[in-house]
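This is what each chain is made of:
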Amino acid sequence: MPIAKTEDEESFKRMWMEAQIRFEEKTGQGLLRTKNQSLEQVLIELDKHFNAHDSDNGGKNQRIKELGSNVLKLIELLCGVVAQGASAVFGPATLCFNAMQALISIPGKISKFSDDLALLFAEISAFMKQFKIYRRIEQFAEVDVELKQCTHKVMIVFVDICAVSIDIISGSRWKKIKTIGKIALFDNDSGVQDKLEELKRLVVHQGQISDAITLEHVLRSEQELTSSIKIILETLKQASEGSGRLLEAKSQEILDEIAETRLALRTVDARTEALQKDANDRKGERKQQELFNQVCKKLSIDRESIRTSEKELDQMRGDCLQGTGDWLRDIDVYKTWSDLKSEVDSPILLSGSNGSGKSHLAVAALDDLERRYSVPGGNAIRVSVAYYLFTSDRKLSHHGPVKEALKTMAAQIAEKNLVFLKNLSSRLESKDPSFIKNTDIEHLSVELIAPTSMKDTTDIIYVLFFDGLDQISSDEAANQLYRAIVAMKSAKIRIMLTGAEEESPLYLEPSKGGLDLHANIRVENHNEADIQRFIDSEVAGCEVLKGNAPGIIRIVKSIRGELPEIVNGNFDNVKQMLDIVEEAVKSALPEEDIMELISVDTLKNKHSATERIVKKLQESLNVQEIEELNEILIWTIYAYEYIHVDTMRAALFLRTKRTPLQSLEDKVAQKYSRLIEINPDNNNVFVMRNSYLEEYFAISRRQEHIVDAEGDRDPKISMTIRIDGVKFSKVQRFLWDLSEKVVLDKFTFTDSLTDSGHSNPISANRNEGHLTIIRRCFEVLVSEPNEETKPIARYALVNFPNELWSLRNDMAKGRLKDVEREEVVKYLVYLLRSPEYIEKHLTEEFFQKQCWTNDEDLDILGSWLLETDAWGKLKRKETLWVKQALSDERSLAPALKDVAAMIARHWLCHRTWSAELIFSWLDLFLDRWASGTVQDQTVDETYSGNHVEDSGRNTASMVSQDDLPHGVMSVPMRIVRAAEWAENVIKIPKDSLWYERLGNTYLQQAETSLSIQAFLSAKELPDYSWRVSEGLANAYAINKKTTLALQEMEIVLAQLRRKQERTATEKNDLVENLIRAATWQRGNSTDAIDKLQEAIRLDGYNYYSYYEILDIFIRTEQESEALQLLSEMSTRPAREASVTQLEAMLLDFSKRNSTLELFSVVMYPARQHDTFQTILEIIERAIASARERKANQVLADLLLCQGVALARYSSDENRHESALSRWTESYALAFESGLLYNARSATSYAFNYHFTKVRSKGIAAHEVDSHLEKVEAIVESTNSPEVAPGLRLMLASLYRLVGNHDAAQILLTKDLKMGIDLLSDDDPENDYMGYKAIAKILMHTGDDLNALSAWSLYGPYERRKEYIVQRTQDGMDVDAQRKAFPLTQNSIDEATARYCDGRCSGYELQWGERVWMCKVCEDVGFNDECLERLRKGTLARFVCSPDHEWLLVPSWADEYRATGKGRVRMGGELIDGQRVGGQIVPVEEWLDTVRQKWGINKPALDAQTDNDKEAGDNNGILYRTTYSYTTE
């Protein structure tokens, strides 16, 4: 043993010698000196350099002294540990004191780093305080060697930190970068942060050494412990446990507060749709999306409105330069407001003139908040941000701008926050369509944004950004916003406002009725740095200001030097001034004149420069080009949506009826670029070069056109028509067209462009622009469809009500003449009375966006029809029609009756459009027509449900309303309502097609039983189509009646096969149905392969059939057949002769969803054959092509597949590292492009690489740290709610692997809170998701027994439904519960949301089956067979890893039988992977143990629930409560 001690001491000496060498290399100073420092001497030095009486800022120096003293005393204490039994000849304490003295003695520089130094000492102190429990170490005889070693390392790290800090403050690194800006000790590249992380890991390691058993060894005396020593031992144990947890959490909190994370990539609107085999991964997303759509419908808000706000926010975010708004963090009032842990409950206002950048500044502030509070495991606060822009150009609903803002914001939060979404959905479920309209603003704001049921969730802060307050035009709307903000006043809600400082009730002093603002920050007074940054960026991007010519250099210098003062903090002024200078340089003005332009005087008349540009441009254009430019300006400035190049081209064709020779893009670039441009970064849409150009044209004088308005005299038309040598049919057609134009009062052909005697100026007046767009829309809708005008017809159909709204604003301001108002009403009545014109141009988008049926559209249509003094051009029948349409005072929907009747015919009498899509449009229309009347009656009273009485089946009789709130219609009853309404208005006999379309509607709404009945009714009528059997087969298949499905499908196939000459559509139908039937016959591989081979013979280029047949070959272990097929395809030419079928198939797969699943069936059978190399070459070529085309989605998928191919099948020694590089690039692209499914897969594979490396034998500690850091970087790279939670689960499993259980728990605490939040309302679906989230978190942190308890609560609907029940009978035991709530076979047989991820033939697991859940991957499970294949390395699918661990989750049915309702098994022990023993307790009792273990306080019951408890028995009851959490 003495020899061992000597060896240990020698190793400690070597460690210190190496530390001394590092210190000298870093600082140029030696640690051992002729005059070494003692503790007292260093304390004196500390007091000298940080004298408390110095005029420091708020006691900083005193704080540094206190923290430094703590650190020094802790060093002295630790030296007492290592000195026991050692010779201590090298004096570790002396070396530490010398290092500290060197740090605090840097002349004249240490004061510049006072903040960072204080933070440094605070962190070191937080870590090292955990060693305080050894201050009585001298009472004991011996200290464990491993503990000594750890303590030595801690002190050495302290010396290293001092060395790095000295190097930064006084070394060469400061000299190199001090000119760039302030340097901080905690910059990412400083090295201090790395050393602190090392210190943290040593603390964790010390905690592992110092558990109770080790403490007994460390403190063991040669004599027997006396009773007093035993007391000390127990005290030490308790102190170790409590101190370890508290201080480790505190240390983590400090680290998180100083960590800088890069801006998280945001989610864009794209979502990856699932193949049938990917239902497991996407089911939750689809259900969440469906729920979100229902919420949007309740709020009368379309997805486009939400997207508009998000696009506006993203656009500003993209425009922000690096460092925008950094100055804001130096303002004290903003610091307080942005501290989300403070009790601030008042809004902050960023005010300034238009163009001062206040909106962009606010966006930068919001991003800063999200960055600061999105660090996993850090601040116990979740941030949900919502944004709304008030603008005069936005179409407002009849609810008004403020209610529209609240609706949009609530929807934005709901889309990103699942708990909020569930809560909001539950509250809106019983609301009727008039809810928004009839609720006052105070109650609405609380109901939508700050519901009482969620107000006490302390770890969620809602940040609301109301932008553009100066655009709120009415005092009533301003007052509404004032009341809404007051109603939402809460420390849980942060409100940011932006607006110009104008007279408004919002800006008044509180004593005068204005808002009680936390602060009003005037942006122009602070944004000089942002202005300078913007000037530099704009100058750098201006081509005419580039170059080395002396004159240009002087002009640029003048701009950079003088412009910040001239523009007065206004970015628009910068852009305008630079445009003026650019134009002057292009015009070759003398340098002196250009210099004179850079002045305040130039900006005083802001439109003078624009007038010069317009005048000069007008002189260079001919008459036709001016007219064309005016048309472009009108659509660019005033159209309701951004105009794409194709749409603009169609608008110009509509005006001239001819296609120009020069491309529109070239003409804009060459002739019109001074005013407009095409933005390639925004889908090639037209935009004005500057915002002030829009303002210039909007206020310009309206041009009078004789052809557009009639004079005061009686209007009359005279013409002479000469017909010579023309066929009689052409004469008829001409006269017919002429009469049609007369009827419509529209003579557009008189607007001749060949009239050279009159030239209009360049102009785009506001009301003239809106009226022109309305005229163009009407013209295209009453014309026959053609390819040239198709894009503008789409615009007209979708946006006609929006354009009417814009024109309505002009009319309200007196900008329209009476004759123009009459013209617009005539257009509208004509379209509504003659829906055949709308019918010609119907698109899928019309139904998807539910155009013309939302409240806003109906309101605007009705408001125009109510203009009785504009009925002058209406004929008698048209006037009667309008009166009839307006006869129902409750609703304006009857005005759409004729249009709705036409659409109803398409629903039930045609197959052009999806039945479900049209039904959704009709359903909303009928809601609007009902206007509360339907909801006031029970469904059975309103709708008899006899729409299938001909066949003796009553589909409505099967519909249950039991689970719905009173007055809310179920989906089946809504379909019944629509069908009966259609029957009444269409008045045609119901034939087979009628029931076929009805069956498809039920099927697409997941009402398969009703769908089957409708299809059977269709089959009983004559002349039914094979499509009836097709729909019936699909319904049977969904209902798991595979035999019946195949019988019906054989009827379909027989009829299609009998056709001698099939159309292209029929051929495609046959192929698709053959593939579908084959997928249903997986148990009969022979028949399935026969059908797929038939499909291939019919269409050798439908590559999905190849996928299916290859998949069957692999599943049935016919790999030789699969390989033969691939070999044939590798030599057979594709339709494109330049490539083979194999390459064409892979290219086709790369453009589909779930590319990896498709590629896998090709790579697996070819893995040991030459074909595999061919596949790799094809992938490489495809990757090169995707890079060149910048097709990021395809590129991300191909890189993912290439990584899998290399990792699994390549023989290269570095294959795993090569694969990792592909996956890293793949998920980076995926996050950038919003490809969440791809990102999830790529990050999972990258994680598995690091996990395997960490588990490998003989890995060094620093390598483990490196892999951990890389995984942490992956986790921090996104805050996407679809991806980030899964990444955190995997990181937690890695922490658990290396023994850092506390870090795993800290990381997942927020997620566990969210899981428990999901249990806090009346929606059973929330419990379903909540228990799954809880189960996964507990499983990944190693709490297997509690994880099994949570999994047992994750069951079918019959189980989940129990939680709706408020209470059971008092004292009901398990046996009684079984009798009261019997377990049905349907519950056991129902397919679960769990799937076997081995994708075996029966990969949908039932509740009666057990499943092995991976404790490392995010959400992966296997049945027994596939897990065994995975372990052996024979699983075809690349998923999970053989070196992972799995938890055996038993049959849900078995657990349910054992526990009964409302109860769960907890405790026990795991023996051979299965729970043995345990006790059955109420669910709430089990949840209490989980909360206690994770430090989550017991939720408080609200007052109502307390009353309920007093009103009845509550023993063992799980209550529906509102949960309120507080953090410790």
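No experiment lies behind these values; they were computed from the predicted model shown.

Quick notes on the rules
- Residues numbered from 1 in each chain as written.
- Predicted model: local features only at pLDDT ≥ 70, side-chain atom pairs only at ≥ 80, totals over all residues.
- Heavy atoms only, no water.
- Helix = DSSP H or I, 4+ residues; strand = E, 2+ residues; numbered from the N terminus.
- Buried < 20%, exposed > 50% of the residue type's maximum accessible area, 1.4 Å probe, protein only.
- Pairing = 2+ DSSP bridges.
- Axes fitted to C-alpha atoms, helices over the stretch in contact; angles between N-to-C directions.
- pLDDT = per-residue confidence, 0-100.
- Contact = heavy atoms within 4.5 Å.
- Phe/Tyr/Trp six-rings, centres within 6.5 Å; stacked < 30°, edge-to-face > 60°.
- Lys NZ or Arg CZ within 6 Å of the ring centre and 35° of its normal.
- Expected span 1.5 Å × (residues − 1).
- Arc of directions from axis to C-beta.
- Salt bridge = Lys/Arg side-chain N within 4 Å of Asp/Glu carboxyl O.
- Parallel < 35°, antiparallel > 145°, perpendicular 65-115°, else oblique.
- Left-handed = near helix turned anticlockwise from the far one by under 90°.
- Nonpolar A, V, L, I, M, F, W, Y, C, P; charged D, E, K, R; others polar.

J.: Please explain the overall build of the chain as it appears in this structure.
T.: A tally of helices and strands in the chain yields 67 helices and 16 strands. Looking at the 1528 residues of the chain, the share that counts as buried comes to 54%.

J.: How should the sheet that holds strand β3 (residues 460-467) be read in this particular structure?
T.: Strands in a sheet are paired, the pairing made by backbone hydrogen bonds, and the direction either parallel or antiparallel. The parallel open sheet is built from 5 strands, whose spatial order is β2-β3-β4-β1-β5. Unpaired on one side and paired on the other, β2 (382-389) and β5 (519-522) mark the two borders of the sheet. In this sheet, adjacent strand axes meet at a mean angle of 15 degrees when their direction is disregarded. Where β2 lies against β3, 8 bridges are found, and the strand directions are parallel. Of the residues in β3, the one forming a bridge with Leu389 is Asp467.

J.: Just checking my understanding: could you explain the confidence of the model for the chain for this structure?
T.: For residues with low pLDDT, the predicted coordinates do not support detailed interpretation. Within the chain, residue pLDDT values average 76, and 72% of them lie at 70 or more. This stretch, residues 1358-1374, has a pLDDT under 50; its non-local contacts, to residues over four places away or in other chains, come to 49 contacts.

J.: Hey, could you run me through the sheet that holds strand β10 (residues 1411-1414) in this one?
T.: Spatial ordering of the open sheet is given by β11-β10-β12, a layout of 3 strands whose pairing is antiparallel. What marks the edges here is a single partner per strand, and that holds for β11 (1421-1422) and β12 (1446-1449). In the sheet, β10 pairs with β12 via 4 bridges, with the strands oriented antiparallel. For Val1411, the partnering residue across the bridge sits in β12 and is Val1449.

J.: Even after reading the chapter, I still don't get the packing of aromatic side chains, so can you show me in this structure?
T.: When we look at a pair of aromatic rings, we describe it by the centre distance and by the angle of the planes. Tallied over the entire structure, the rule returns 31 aromatic pairs. Ring geometry for Phe534 and Phe571: centres 5.2 Å apart, planes at 80 degrees, overall edge-to-face. Note that Phe534 is positioned in helix α20 (residues 528-541) and Phe571 in helix α22 (residues 571-586), a separation of 37 residues in sequence. Given the relative accessible area of 15%, Phe534 is considered buried. Residue classification places Phe571 among the buried positions, given a relative accessible area of 16%. On the numbers, 5.8 Å between centres and 40 degrees between planes, the contact of Phe1247 with Phe1251 is tilted. Of this pair, Phe1247 and Phe1251 are both found in helix α55 (residues 1236-1255), 4 residues apart, which corresponds to roughly one turn of the helix. The burial state of Phe1247 is the same as that of Phe1251; both residues are buried. By way of ring pairs, the aromatic residues Phe800, Phe846, Phe847, Trp852, Trp913, Trp921, Phe925 and Trp981 are connected into one cluster. The ring of Trp864 is capped by Arg808, whose NZ or CZ atom sits 5.9 Å from the centre of that ring.

J.: In this structure, what is going on with helix α52 (residues 1170-1189)? I would like to understand it.
T.: A turn of α-helix holds 3.6 residues, and therefore any two residues three or four places apart point the same way. Taking 1.5 Å of rise per residue, 20 residues should cover 28 Å, and α52 covers 29 Å from first to last C-alpha, within 8% of that figure. Considered for burial, the residues of α52 that qualify are Thr1171, Phe1172, Ile1175, Leu1176, Ile1178, Ile1179, Ala1182, Ile1183 and Ala1186. All buried residues of α52 fall inside an arc of 160 degrees around its axis, so they share one side. Among the exposed residues of α52, those oriented more than 90 degrees off its buried face are Asp1170 and Glu1188. In this structure, the buried residues of α52 make contact with α49 (1119-1129), α50 (1141-1150), α51 (1155-1163) and α53 (1192-1209). Positive backbone phi, approximately 55 degrees, marks Lys1190, located one or two places after α52.

J.: Is there a simple way to think about the pattern of salt bridges in this case?
T.: Scanning the model with the defined rule gives 62 salt bridges in all. Across the pair Glu823 and Arg775 runs a salt bridge, and its minimum N-O distance is 2.8 Å. Separated by 48 residues along the polypeptide, Glu823 in helix α33 (residues 818-833) and Arg775 in helix α31 (residues 766-781) bring together distant segments of the chain. The residues Glu823 and Arg775 share a single accessibility class, namely buried. Sharing partners across several salt bridges, the network here consists of Arg808, Asp818, Arg821, Glu867 and Asp869.

J.: Honestly, the packing of helix α41 (residues 971-986) against helix α42 (residues 992-1004) in this entry has me stumped. Any pointers?
T.: Packed helix pairs are characterised by how far apart their axes lie and by the angle those axes make with each other. The interhelical angle for the contact between α41 and α42, taken along N-to-C directions, is 155 degrees, at an axis separation of 11 Å. In terms of their interaxial angle, α41 and α42 are classed as roughly antiparallel. Crossing hand, α41 versus α42: right-handed. Contacts between α41 and α42 pair Pro972, Ile975, Val976, Ala979, Ala982 and Glu983 from the former with Trp994, Leu998, Thr1001 and Tyr1002 from the latter. A class-by-class count of the residues in the contact of α41 with α42 yields 8 nonpolar, 1 polar and 1 charged.

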